[in-house]
Amino acid sequence: MTEARPDLVEIEGLGRSFGAREVIRRLDLRVPAGARVALRGPNGAGKSTALRCVAGTLAPTRGTVAIDGFAAGSVPARRRIGVSFAQERSFHMRLNGRANLIFFAQLHLGSRRAAVREVDALIEELDLREIAPRRLDQCSTGMVQQLAIARALSADPDVLLLDEPTRSLDKEAIARFWAAIDRRPDAAVLIATHRDEDLERCGSIVDFPT
């Protein structure tokens, strides 16, 4: 008999409004370790809003979100998640890809030496050798997306929150992305997507609007 895996993401009665506009009516969801759950729906349906509530960068209007038992947005919760959101704006555009990744990895790991080892391993795993030396302001949208995925994978987080991660990637980069996910079978993955190829990789699908 297979032992049940612990729920790493617990969403109860999540609702989010912006003024009079209700974006998420109610979302109840549990994501155990090792699960791959897709949020599916048209643009503006609330998928990205839900992910930001789980990440703790956006407060719910109502309901609760917990990461491994810790309130979303708390320091313990943030330490357990890796995030790649669409329209990435938090990179340092005048630094190259490797320097950016080392900066963020060091925040997680606390040691520059450990961060360098981690980043160099990710550059090799995701085949970022041509992208890593480039300044971010000289990178295409797809290149920045690949760096955002590498950052999300840094420090082997328990939970991955991914917003349209393959939208700007070519077939080879998409294959590398999913291979990296497959090498992390214990991570709980919550992915917002409308691509059939991504949906087929997920064990369950939540349709928006909820």
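This text goes with the structure placed above it.
Just so we're clear, the structure is a prediction, and the values are computed from it rather than from any experiment.

A.B. asks: Outline the pairing of strand 1 (residues 7–18), listing residues and values.
C.D. replies: Of the pairings in the sheet, the one linking strand 1 to strand 2 (residues 21–32) comprises eight bridges and is antiparallel in character. Directly across from Glu10, in strand 2, lies its bridge partner Arg30. A loop of two residues connects strand 1 with strand 2, the two strands running antiparallel in sequence, and Gly19 in this loop sits at a positive phi of about 65 degrees. Relative to strand 4 (residues 62–67), strand 1 runs antiparallel, the two sharing five bridges. Counted as the bridge partner of Glu12 is Thr64 from strand 4.

A.B. asks: Summarise the nonpolar core; cite the residues concerned and give the values.
C.D. replies: Counting residues in each nonpolar core, the largest one holds 37 residues, and the members touching the most others are Leu153, Leu160, Leu162 and Ile181. Secondary-structure elements contributing two or more residues to this core are helix 3 (97–109), helix 4 (112–125), helix 5 (141–153), strand 7 (159–163), helix 6 (171–182) and strand 8 (188–192). With seven residues, helix 5 is the largest single contributor of residues to this core. Residues within four places of Leu153 in sequence aside, it is in contact with Glu118, Leu122, Leu126, Leu160, Ala180, Ile181 and Arg184.

A.B. asks: Can you lay out the pattern of salt bridges for me, pointing to particular residues and giving the numbers?
C.D. replies: Evaluated as defined, the whole model comprises 19 salt bridges. Ionic pairing is found between Asp207 and Arg40, a salt bridge with its closest N-O pair at 2.6 Å. Here Arg40 lies in strand 3 (residues 36–40) and Asp207 lies in strand 9 (residues 204–207), a separation of 167 residues in the sequence. Using a relative accessible area of 43% as the deciding quantity, one classes Asp207 as partly exposed. The closest approach of N and O atoms between Arg184 and Glu125, which form a salt bridge, is 2.9 Å. Linking Arg184 in the loop between helix 6 and strand 8 with Glu125 in helix 4, this pair joins segments that are 59 residues apart in sequence.

Scoring rules and cut-offs
Residues numbered from 1 in each chain as written. Predicted model: local features only at pLDDT ≥ 70, side-chain atom pairs only at ≥ 80, totals over all residues. Heavy atoms only, no water. Pairing = 2+ DSSP bridges. Helix = DSSP H or I, 4+ residues; strand = E, 2+ residues; numbered from the N terminus. Core = buried A, V, L, I, M, F, W, Y, C linked by side-chain atoms within 4.5 Å. Buried < 20%, exposed > 50% of the residue type's maximum accessible area, 1.4 Å probe, protein only. Contact = heavy atoms within 4.5 Å. Salt bridge = Lys/Arg side-chain N within 4 Å of Asp/Glu carboxyl O.

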